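Understanding the architecture of this molecule
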Amino acid sequence: MVLLVLISTATLWAQDGNSRVTQTVAIEVKPIARLSVAGNPSPLIINDAVPGSDLLSVSDENTKYSLTTNLDNMKIVASINDRMPAGTKLMVKLSSSKAASTGLVDLSGALNPVDVVTGLSKASDLNQSISYTFAANSDVSEIPTQTRVVTLTLTN
């Protein structure tokens, strides 16, 4: 008999329209520091010279980068995987509409990261140009094709 009364009470409560549930939703924003590149530089081949020039160079601007960060005091640093041959330089310049570009930076011996963009704070910067310049002293002999890996890092 007691069981019958409990079932009847539950049915009346549901018919009364007071059916309600609650849920707890956890929310959080994590630190974000995203950097991506699009495109690749063309081979940087020096095959001509201006008469009387002591430095031969070629540049490429086929690469773009984009970033998003919700952090303050961020920067982009660059490094290279191996030193450049004697008498040559590999330089990079990253443009930025949200921070300060450090201009054309020599990566030739930058096995440790060097600043290329500074002063990024809570920013989104899209399709910014990356310019690579390869230069050689005019007295450098022929150098066979080589590659270098340039690493760009968004960091604090």
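Residues numbered from 1 in each chain as written. Predicted model: local features only at pLDDT ≥ 70, side-chain atom pairs only at ≥ 80, totals over all residues. Heavy atoms only, no water.

All right, on to the nonpolar core then. In terms of nonpolar packing, the biggest core is built from 22 residues, with I76, V92, L94 and L120 touching the most fellow members. Elements represented by at least two residues in this core include exactly β2 (55-69), β3 (74-80), β4 (88-94), β7 (114-120), β8 (124-137) and β9 (150-155). It is β3 that provides the largest number of residues to this core, a total of four residues. Once you skip the residues sitting within four places of it in the chain, L94 turns out to touch Y65, I76, S101, V116, V117, S129, I130 and L152. (Core = buried A, V, L, I, M, F, W, Y, C linked by side-chain atoms within 4.5 Å. Buried < 20%, exposed > 50% of the residue type's maximum accessible area, 1.4 Å probe, protein only. Helix = DSSP H or I, 4+ residues; strand = E, 2+ residues; numbered from the N terminus. Contact = heavy atoms within 4.5 Å.)

On to the sheet that holds β7. The strand order across the open sheet formed by four strands is β5-β7-β3-β9, and the pairing between neighbours is antiparallel. A strand with exactly one partner marks an edge of an open sheet, and here the two such strands are β5 (100-101) and β9. As judged from the four bridges shared by β3 and β7, these two strands associate in the antiparallel manner. Considered in β7, the bridge of I76 is made with V117. (Pairing = 2+ DSSP bridges.)

Note that all results are geometric; they support no functional claim without further evidence.
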